[in-house]
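Overview (structure and organization)
Chain by chain, the residues run as shown.
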Amino acid sequence: MKEGIHPEYRTVVFHDTSVDAYFKVGSTIKTERTIELEGETFPYITLDVSSASHVFYTGKQKDLTREGRAARFNQRFGRFSTSRQ
């Protein structure tokens, strides 16, 4: 490897503010902020969404068969579908 051309790889703390979860991950991201965690000082980045809060990973995503457009339509207008002859 050539010297001086690669970014600094270090442990960075990512903070998901929506669920107050902290992750220590190796990264080359640049930041001026730091945080003290477990007696050590790390670079610090805040996130809005991570695997701890994203609906795909938490399993809280909507089931379209129960909560989709057709289900909402039937819930609102289903009473009109009775056959009148």
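Because the structure is a prediction, the values reported are computed rather than measured.

Of the regular secondary structure elements, the chain holds three helices and four strands. Overall, the chain shows an N-to-C arrangement of helices and strands of β-β-β-β-α-α-α. Of all 85 residues assigned to the chain, the portion counted as buried reaches 19%. Counting only contacts in the chain whose residues sit at least 6 apart along the sequence, the fraction spanning at least 24 positions is 36%.

Most often, soluble globular proteins keep nonpolar side chains buried together rather than apart. V13, I35, L37, F42 and Y44 form the largest nonpolar core, which has five residues in total. Elements with a minimum of two residues in this core: β3 (34–37) and β4 (40–47). Ignoring anything within four residues of it in the chain, the contact list for L37 reads V13, K24 and F42.

To continue, consider the sheet that holds β3. Paired through backbone hydrogen bonds, the strands of a sheet run either parallel or antiparallel to each other. On the basis of which strands lie adjacent, the open sheet formed by four strands has the order β2-β1-β4-β3 and mixed pairing. At either end of the open sheet lies a strand with only one pairing partner, and these are β2 (21–27) and β3. Strand-to-strand, the axes of this sheet are offset by a mean angle of 45 degrees, without reference to chain direction. Bridge analysis of β3 against β4 gives four bridges, and the strand direction is antiparallel. Residue pairing in the sheet places T34 in a bridge with P43 of β4.

Moving on to the packing of aromatic side chains. Under the counting rule described, the total for this entry stands at one aromatic pair. With 5.2 Å between their ring centres and 50 degrees between their planes, F73 and F77 make a pair best called tilted. Here the residue F73 and the residue F77 both occupy positions in helix α3 (residues 69–77), the gap between them amounting to four residues, near one helical turn. On the basis of relative accessible area, F77 is assigned to the partly exposed category, the value being 35%.

Quick look at the pairing of β2 now. The sheet contact formed by strand β1 (residues 10–16) and β2 spans seven bridges and is antiparallel. The residue bridging T11 from the neighbouring strand is G26, located in β2. Counting the residues in the hairpin turn of β1 and β2 gives four residues, including D20, whose phi is positive at 55 degrees.

So, about the side chain of H15. Summarising the element assignment, H15 is placed in strand β1. Its relative accessible area of 8% is what places H15 among the buried residues. At 2.8 Å, the side chain of H15 and the side chain of D20 are in polar contact.

Definitions and limits used
- Residues numbered from 1 in each chain as written.
- Predicted model: local features only at pLDDT ≥ 70, side-chain atom pairs only at ≥ 80, totals over all residues.
- Heavy atoms only, no water.
- Helix = DSSP H or I, 4+ residues; strand = E, 2+ residues; numbered from the N terminus.
- Buried < 20%, exposed > 50% of the residue type's maximum accessible area, 1.4 Å probe, protein only.
- Contact = heavy atoms within 4.5 Å.
- Core = buried A, V, L, I, M, F, W, Y, C linked by side-chain atoms within 4.5 Å.
- Pairing = 2+ DSSP bridges.
- Axes fitted to C-alpha atoms, helices over the stretch in contact; angles between N-to-C directions.
- Phe/Tyr/Trp six-rings, centres within 6.5 Å; stacked < 30°, edge-to-face > 60°.
- Polar contact = N/O pair within 3.5 Å; in protein donor to acceptor, adjacent residues only side chain to side chain.

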